[in-house]
Amino acid sequence: MSDLFTPPRLFTKVKFQRHTDRAVGWLELFYDLVYVATLIQIGNFLSDNVSLLGFAQFLVLIAVVWWAWTGETFYQNRFVVDDITHRVLVFIQMFAVATIGISVSEAFGSLYIQFTLAYVLTRFILVVMYLRAMRTNPESAGLARGFAIGFSIGIAIWLGSLLLPAQYHWVGWLVGITVELCVPLTPAMIREQRAHTPDIHHIAERFGIFTIIVLGEAFVKILDDAQGTAIGLRQLAFSASGLTVLYSLWWLYFSDTAGKVIDFADRPKATAWVYGHLPLAAGLVAFAVGAKKLYGYTFDHPGDPANPDYRLLYTAAVAIYLVALALIDIGVDDELTHQSQRRESIVHLISAVVVVAIGLTATGASSTLFVTLIAVVMLAQVIYSITQTRDEFVATGHVEPQASLDFE
């Protein structure tokens, strides 16, 4: 309970009984729950707006929510804190994220002011957190000050977007998000981040948890749409292929990528790893919507070709996911893993091209046949991964090394 009265401490100053003793905290998991609800609402927005414009707006919403989560996650990674003040700030931030969630359906319409102010509140709270950390950790004042200033500029741009005509407010959002995304990439902030290396184990676990939450939404979406449906041959055929794709999505990230050694000393690789999780989340949420739409269309129109909008949505979702995996693999330390991450990246990129080709050419295929073709591509990658792991294991006779978490 002493942590309730302890201000933020820089991670490298905190001694744990074991190097791997720092686990994800209960407050962090509680914090994630509000994002579950918000992501479901973003998925619902896409489900109601399956079009090129709707998909573009969906990507903006995903970027906003993902960046809000990422900012808080990196703060709690570098600073160990669970005092009363921090908990209150997190609760306020959760309220702001929940407000984003209830504003999603009309974020580009009548609720754009509410949506804007809700996001501004999440960033304002994060700025306050960094100012607290700057006061109690002078050695990391440059890092905290840089993020506080950068995110404050983002806040100003977001507030400035309210002065634009309603139909152009999203332009201000994009500018604001772009500026914030660039804050960690400035030369000064790169130097500060190198001086204060993140906790690799903790950050990998946090991004893994977020990914599994987003992946779980696919089950929620499909089960919700299939509620009360009797299982017959058509259902079994479609479900077998659909679940193969879903399981492959899990395998390719959580068996091949999650928890691997992240090379934060190499800034371009670290950037690819972190920012690669943005299209990864977008692809997973879009996949859930596409799978739900194709499932429903299959049984409403048995024997008909797959709805072209739903087919293209499903195609885009899987392709984006594979491109994101390629980026994330680039960020993994290739010398400390059991297989070549560069080779894995190339395989994912080639597979993404094949998926797009299938989506564009399979115009006369039924939903079941179309998903089956995608399943073949995904399953082939899983088999390739297993083969590479086996061959490397036989060649070296040992398992992959684990990341060293000693930053002292």
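Because the structure is predicted, anything quoted here is derived from the model rather than measured.

Between its terminal C-alpha atoms helix H12 (residues 341–361) stretches 30 Å, which fits the 30 Å expected from 21 residues at 1.5 Å a residue. The set of residues buried in H12 consists of Gln-341, Glu-344, Ser-345, Val-347, His-348, Ser-351, Ala-352, Val-355, Ile-358 and Gly-359. Around the axis of H12, the buried residues are gathered within 160° of arc, so they sit on the same side. The outward face of H12, more than 90 degrees from its buried face, is lined by the exposed residues Arg-342, Ile-350, Val-353, Leu-360 and Thr-361.

With that settled, consider the side chain of Gln-193. Within the secondary structure, Gln-193 is located in helix H7 (residues 187–195). Setting aside anything within four residues of it in sequence, one finds Gln-193 in contact with Arg-78, Leu-143, Phe-147, Pro-184 and Arg-267.

Moving on, we get to the packing of aromatic side chains. Geometrically, a pair of aromatic rings is defined through the distance of the ring centres and the angle of the planes. Considering all chains together, one arrives at 30 aromatic pairs under this definition. Judged by centre distance (6.4 Å) and plane angle (80°), the rings of Trp-67 and Phe-151 are edge-to-face. Placement of the pair is Trp-67 in helix H2 (residues 52–78) and Phe-151 in helix H5 (residues 141–160), with a sequence separation of 84 residues. Each of the two residues, Trp-67 as well as Phe-151, counts as buried. Seen from their ring centres, Phe-147 and Phe-151 are 5.6 Å apart, and the 20° between their planes marks the pair as stacked. With a gap of four residues between them, Phe-147 and Phe-151 both fall in helix H5, about one helical turn apart. As far as the burial class goes, Phe-147 and Phe-151 line up, both buried. One aromatic cluster is present, formed by Trp-66, Trp-67, Tyr-75, Phe-79, Tyr-130, Phe-147, Phe-151 and Tyr-275 through successive ring pairs.

Attention now goes to the packing of H2 against helix H10 (residues 267–300). The geometry of H2 relative to H10 is characterised by a closest axis approach of 10 Å and an angle of 130° between their N-to-C directions. The angle between the axes of H2 and H10 places the two elements in the oblique class. Crossing of H2 over H10 shows right-handed handedness. In this structure, H2 uses Phe-55, Phe-58, Leu-59, Ile-62, Ala-63, Trp-66, Trp-67 and Phe-74 to contact H10, whose residues at the interface are Val-274, Tyr-275, His-277, Leu-278, Ala-281, Ala-282, Val-285 and Ala-286. Taken together, the residues of the contact of H2 with H10 sort by class into 15 nonpolar, one polar and no charged.

The predicted model of the protein chain averages 86 in pLDDT, with 86% of residues at 70 or higher. With pLDDT under 50 throughout, residues 16–20 is counted as low confidence; its partners more than four residues away or in other chains account for seven contacts. Predicted confidence for residues 399–408 stays below pLDDT 50, and this span has 24 contacts to residues more than four positions away or in other chains.

Attention now moves to the pattern of salt bridges. This structure, assessed with the given rule, holds five salt bridges. Residues Arg-123 and Glu-180 are paired through a salt bridge, measuring 2.9 Å at the closest nitrogen-oxygen approach. In this pair, Arg-123 is assigned in helix H4 (residues 112–136) and Glu-180 in helix H6 (residues 169–182), connecting sequence segments 57 residues apart. For the pair formed by Arg-123 and Glu-180, the shared burial category is buried. Taken together, the shared-partner salt bridges in this structure form one network comprising Glu-28, Asp-32 and Arg-206.

The next subject is the nonpolar core. Nonpolar side chains tend to gather and get buried jointly when the protein is soluble and globular. Of all hydrophobic cores here, the largest spans 116 residues; its most connected members are Phe-287 and Tyr-314. The element best represented in this core is H10, accounting for 19 residues. Apart from the residues within four sequence positions on either side, Tyr-314 is in contact with Val-245, Phe-287, Gly-290, Ala-291, Leu-294, Phe-370, Val-371 and Ile-374.

Calculation notes
Residues numbered from 1 in each chain as written. Predicted model: local features only at pLDDT ≥ 70, side-chain atom pairs only at ≥ 80, totals over all residues. Heavy atoms only, no water. Helix = DSSP H or I, 4+ residues; strand = E, 2+ residues; numbered from the N terminus. Expected span 1.5 Å × (residues − 1). Buried < 20%, exposed > 50% of the residue type's maximum accessible area, 1.4 Å probe, protein only. Arc of directions from axis to C-beta. Contact = heavy atoms within 4.5 Å. Phe/Tyr/Trp six-rings, centres within 6.5 Å; stacked < 30°, edge-to-face > 60°. Axes fitted to C-alpha atoms, helices over the stretch in contact; angles between N-to-C directions. Parallel < 35°, antiparallel > 145°, perpendicular 65-115°, else oblique. Left-handed = near helix turned anticlockwise from the far one by under 90°. Nonpolar A, V, L, I, M, F, W, Y, C, P; charged D, E, K, R; others polar. pLDDT = per-residue confidence, 0-100. Salt bridge = Lys/Arg side-chain N within 4 Å of Asp/Glu carboxyl O. Core = buried A, V, L, I, M, F, W, Y, C linked by side-chain atoms within 4.5 Å.

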